[in-house]
Amino acid sequence: MKKILTLLTAVSLSAFPLISHSQSAFTKGVKGMVSAQKPVEAATVSLLNAKDSSVIKSGVTDNTGKFQVPVAKDGKYLVSVQAIGYSLYYSETFEINASNAIYTVKSVTLTGNSQQLSMVVVTNKKPFIEQQIDKTVVNVDASPTNVGLSALDVLEKSPGVTVDKDGNVSLRGKQGVMILLDGKPTYLSGTDLANYLKNMPSANLDQIEIMTNPPAKYDASGNSGIINIKTKKTKVKGLNGSVTVGGGMGIYPKANESFNINYRTGQVNIFGNYSYNYNKNENTLDLVRNFRDQNTDTLQSVFRQQTLMKHINQTHSFKAGADFYASKKTTLGVVVNGYTSPSNQTSANTTDIYDENNNQQAHTVSPSHSTDKWSSMSGNFNLKHTFDTTGTELTADADYINYTSSSNQLFDNYFYDPAGLKIQPDEIISGNLPGNINIYSVKADFTMPFKGEGKFEAGVKSSYVKTDNNAQYNNLDNGVWVVDTTRTNHFVYKENINAAYVNLSKKLSKKWSAQAGLRLENTISNGDQLTTGQTFNRNYTQLFPTAYLGYTPSEKNQFSLSYGRRIERPDYGDLNPFYYFLDKYTYQVGNPYLRPQFSQNIELTHSWKSILNTTLSYSSTNDIIQEILEQVDSTHTSFVTKSNIAKQQSFGLSTNLSLPVTKWWRTNVYAQLINNRYKGFVNNGNIDVAATGFMTNISNQFTFKKGWSFELSGFYRSQMIEGILVARPMGIVNLGVAKSIMKEKGMIRVNFRDFLAIQQFSGYSKYQNVDVTIHNHWDSRQVNVSFTYRFNKGQAAQHQDRNGAGDEQSRVKGGN
């Protein structure tokens with residue numbers, strides 16, 4: 001049997017953007033050609049700092065063996081070259097300066113390794129958190145505590161990201177984040193996006209990119225920025241892939257398995273993956289609602305509600321695709337994604353009603369059951385054509401996405417006095433809620449570098465979305481189901497967005513650089529409640545400018561100033577005027593009259609040696625969309641809905657420190673102070689609330705000999721306001737351990753999540769006639785174990801995973 005050589009790389013192959021067809025003009029750096037009797041394709045070329053041999057940038061050779069690696073700063077460097085089946089190559093030390101801006105490495109000739117490889121394992125040695133100039137990158141596999149988690153759990157651990165009690169994601173204390181999956185929108189939002197991320201296993205994730213002020217190339221949607229979740233992709237010629245099996249235990253058992261495979265030969269690259277996730281959990285929600293006289297403010301009654309929800313969910317997802325390298329300059333690709341998630345949920349709700357003297361008046365029991373299914377199928381066709389070696393290129397994408405959902409619900413309500421005697425007839429409600437969403441999207445982007453380290457970008461995009469939801473409710477009346485006309489509704493929503501952008505970036509001098517962009521978006525939408533005959537139509541066009549200014553006074557210090565205007569359109573589900581019941585007294589309903597919110601964001605960032613990054617930020621948002629709680633005193637009911645409640649102003653100060661404390665200990669500390677103020681009109685009254693909060697994410701990674709690694713991480717969030725809700729402090733502590741085995745082909749990971757069982761949500765809302773206290777705790781303390789086996793046979797290759805559907809997919813309501 002041939003021996004197996006493990007290649008330890010400081011930068012994973014999935015992060016190689018520096019191939020010979022770079023997207024920026026090549027005016028400073030190192031170039032050359034790698035050969036071994038003939039050109040060596042897909043060899044890994046790393047630019048190393050001459051002082052400590054640390055990796056600065058990496059790239060791969062093209063099919064002629066040539067490479068170009070750009071250099072940002074003058075200095076002394078050397079190059080290393082790795083290729084499967086060949087010995088490691090190091091160049092002489094060389095210097096890049098004003099008089100020698102481009103250095104050519106001459107005669108890079110690789111020699112064969114006597115131990116030829118039939119299998120190669122690439123071990124990722126990246127840190128968990130990487131702070132780059134324009135974004136923060138989270139390397140998922142670098143953290144042992146990510147094993148067995150969901151994508152939402154990993155997001156919760158990421159710097160500057162918070163997840164509220166309902167799974168809604170905020171960035172730097174601001175809601176309205178656009179979530180992308182492999183650079184394309186999910187078209188999910190709100191509760192349904194949270195459910196989708198909860199059911200996406202972390203084993204499928206490669207990186208998470210966090211951008212608080214993205215350029216004009218991206219959709220203008222996302223009040224607080226963009227989070228791009230990148231799934232795993234293999235880049236090796238031949239056959240390669242990985243298999244992961246895992247399980248866990250909280251209150252109930254969990255399981256997750258995944259399989260990834262890639263095969264490339266000649267001009268064709270075929271790839272695919274499949275994952276399965278099983279999760280059973282429970283969630284306890286406690287509400288205390290006080291009803292007061294609106295004239296005297298005296299207490300009249302108290303409703304104490306407790307709901308125990310048990311949820312069983314299975315998720316099957318797959319991806320399959322192929323890339324065809326039609327020529328040296330043209331690549332065609334097709335990708336198909338599928339997802340199905342059947343689930344069952346049972347709830348046991350009790351409501352105890354007391355008078356102003358705390359004497360119990362009534363007892364209501366409300367059991368419910370829901371059988372749901374959420375499915376998705378999507379297809380993408382993409383094209384990339386490179387015109388020349390400077391990086392001039394055209395890319396195009398065409399996408400189709402379909403979501404289907406069904407929900408069959410049964411709600412029982414039984415009413416008793418304190419002695420257990422019935423005081424009114426039972427109420428039995430059934431619901432059938434089918435839904436269908438179709439999304440079509442096309443886009444094209446053009447990039448052209450020019451002299452002086454400049455780049456021109458332009459593009460167009462058009463999308464069309466149609467959602468069709470039909471809520472059918474019935475009441476049981478003397479053994480006969482009767483249509484509930486007050487709740488039954490059929491809602492159809494159509495939306496067309498057309499966009500175009502231009503973006504120009506230029507290095508003005510050795511110390512100054514600038515970028516400016518402008519995006520235009522036209523939105524045409526209409527909603528039709530077929531049951532009631534109510535309709536609405538909207539047509540608006542908006543401009544979204546972006547600007548960036550960079551200043552580098554020295555090698556150790558960098559400053560950047562950025563500005564951007566953004567939009568957050570209502571989620572499709574939030575426009576849907578349907579009812580979703582918790583019990584007789586509490587429900588959620590959509591608002592078809594929501595308007596988009598607009599924000600302006602400014603950030604000033606200082607970076608010291610790329611170790612310490614400090615940011616001052618300010619944002620102003622008009623017509624902010626927030627979840628609010630309204631109350632009907634006459635029926636003692638409360639309902640949750642979305643509304644354009646106020647103008648928000650936010651001031652923030654954040655810092656991120658990432659450095660190796662010792663050779664075996666690396667730490668990343670993110671901390672932020674945020675002040676939010678909301679001023680507007682809610683529930684027939686004015687509000688003006690403000691508060692300052694603090695949050696921190698800390699990750700410590702320890703690497704020892706013989707393949708052992710440990711991690712201790714956690715986050716803490718102080719009391720903060722979220723619109724009209726005050727959220728009390730919350731935190732978590734995680735512990736993880738990993739061990740590489742089988743000559744580093746295998747990895748065992750164990751994760752102890754929230755082992756102190758301290759992650760619980762509590763808060764309150766008090767305004768106008770609303771006075772409610774909330775406490776929510778769930779199956780957060782878990783232990784998860786996984787085993788991953790990686791197999792590789794071949795040479796490093798490139799692979800593109802594309803999708804052009806942007807903002808629309810992040811706004812779909814669906815999933816479980």
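Residues numbered from 1 in each chain as written. Predicted model: local features only at pLDDT ≥ 70, side-chain atom pairs only at ≥ 80, totals over all residues. Heavy atoms only, no water.

S.K.: How would you explain the layout of surface pockets if you had to name every residue and give the values?
M.R.: By volume, the second largest pocket amounts to about 290 Å³. The wall of the second largest pocket is formed by 18 residues, among which Arg-487, Phe-581, Lys-584, Tyr-587 and Thr-637 lie closest to the centre. Put simply, the parts of the chain that give the lining of the second largest pocket at least two residues each are β26 (393–416), β27 (422–432) and β35 (579–583). With four residues, β35 is the single largest residue contributor to the lining of the second largest pocket. Its residues assigned to classes, the lining of the second largest pocket comprises eight nonpolar, five polar and five charged. (1 Å grid on protein atoms, 1.4 Å probe; cavity = no way out; pocket = protein on both sides within 12 Å on 5 of 7 lines; lining within 4 Å. Points joined across faces, edges and corners; volume = space filled by probe spheres on them. Helix = DSSP H or I, 4+ residues; strand = E, 2+ residues; numbered from the N terminus. Nonpolar A, V, L, I, M, F, W, Y, C, P; charged D, E, K, R; others polar.)

S.K.: Mind laying out the nonpolar core, listing which residues take part and the relevant values?
M.R.: Membership of the largest hydrophobic core comes to 47 residues, with the highest contact counts inside it found for Leu-155, Val-169, Leu-197, Ile-208, Ile-227 and Ile-229. Of the residues forming this core, the biggest block, four residues, is contributed by helix α1 (residues 151–156). Leaving out residues up to four positions away in the same chain, Ile-208 has contacts with Thr-136, Val-137, Val-138, Val-140, Val-154, Leu-155, Ser-158, Ile-227, Asn-228 and Ile-229. Among the nonpolar cores identified, the runner-up in size contains 25 residues, and Leu-287, Leu-582, Tyr-678 and Ile-724 belong to it. (Core = buried A, V, L, I, M, F, W, Y, C linked by side-chain atoms within 4.5 Å. Buried < 20%, exposed > 50% of the residue type's maximum accessible area, 1.4 Å probe, protein only. Contact = heavy atoms within 4.5 Å.)

S.K.: So what about the sheet that holds strand β9 (residues 102–109)? Which residues, and what values?
M.R.: Spatial ordering of the open sheet is given by β5-β2-β9, a layout of three strands whose pairing is mixed. The open sheet terminates on both sides in strands that have one partner only, identified here as β5 (66–70) and β9. Taken pair by pair, the neighbouring strands of this sheet meet at an average axis angle of 20°, ignoring direction. Two elements, strand β2 (residues 29–35) and β9, share six bridges in a ladder whose sense is parallel. Bridge pairing in β9 places Gly-32 opposite Val-105. (Pairing = 2+ DSSP bridges. Axes fitted to C-alpha atoms, helices over the stretch in contact; angles between N-to-C directions.)

S.K.: Account for the pattern of salt bridges, naming residues and giving values.
M.R.: In this structure the tally under the stated criterion is 17 salt bridges. Between Lys-461 and Asp-219 there is a salt bridge, with its nearest N and O atoms 3.0 Å apart. Of this pair, Lys-461 sits in strand β29 (residues 454–477) while Asp-219 sits in the loop between β18 (205–211) and β19 (225–231); the two residues are 242 residues apart in sequence, bridging distant segments of the chain. Accessibility expressed as a relative area gives 9% for Asp-219, which makes it buried. When the shortest N-O distance is used, the salt bridge between Glu-722 and Arg-717 registers 3.3 Å. (Salt bridge = Lys/Arg side-chain N within 4 Å of Asp/Glu carboxyl O.)

S.K.: How would you summarise the pairing of strand β28 (residues 435–450) if you had to cite specific residues and measurements?
M.R.: Two faces, one strand: in a regular strand the side chains alternate between the faces of the sheet. Sheet topology places β26 next to β28; 13 bridges connect them, and they run antiparallel. When the bridges of β28 are listed, Asp-399 appears paired with Ser-441. In sequence, β28 turns back onto β29 through a hairpin of three residues, with Gly-452 there showing a positive phi of about 80°.

S.K.: I'd like to hear about the packing of aromatic side chains, residue by residue, with values.
M.R.: Applying the stated criterion to the full structure yields 25 aromatic pairs. Consider the rings of Phe-544 and Phe-598, whose centres lie 6.5 Å apart with planes at 15°: the pair is stacked. Here Phe-544 is found in strand β33 (residues 534–551), whereas its partner Phe-598 is found in strand β37 (residues 597–608), with 54 residues between them in sequence. Each member of the pair, Phe-544 as well as Phe-598, is classed as buried. Arranged with centres 6.4 Å apart and planes meeting at 25°, the rings of Tyr-551 and Phe-559 form a pair that is stacked. The ring of Tyr-354 carries Arg-304 above its face, with NZ or CZ at 4.6 Å from the centroid. Over the face of the ring belonging to Tyr-764 we find Lys-766, whose NZ or CZ atom lies 5.6 Å from the ring centre. (Phe/Tyr/Trp six-rings, centres within 6.5 Å; stacked < 30°, edge-to-face > 60°. Lys NZ or Arg CZ within 6 Å of the ring centre and 35° of its normal.)

S.K.: Explain the confidence of the model for the chain residue by residue, including any values.
M.R.: When the pLDDT values of the chain are averaged, the result is 83; 87% of them are 70 or greater. By mean pLDDT, strand β1 (residues 5–9) is the weakest element of the chain at 29, and strand β30 (residues 480–483) is the strongest at 95. Under a pLDDT of 50 for its full length, residues 1–24 has, in the predicted model, 79 contacts with residues more than four places off or in other chains. Predicted confidence for residues 114–124 stays below pLDDT 50, and this span has 40 contacts to residues more than four positions away or in other chains. (pLDDT = per-residue confidence, 0-100.)

S.K.: Give a detailed account of the environment of Asn-474, specifying residues and quantitative values.
M.R.: With respect to the helices and strands, the residue Asn-474 is situated in strand β29. Sequence separation of Asn-474 and Asn-432 is 42 residues, and the distance between their C-alpha atoms is 8.9 Å. For Asn-474, the contacting residues outside a window of four places in its chain are Ile-428, Ile-429, Ser-430, Trp-481, Val-482, Val-483 and Asp-484.

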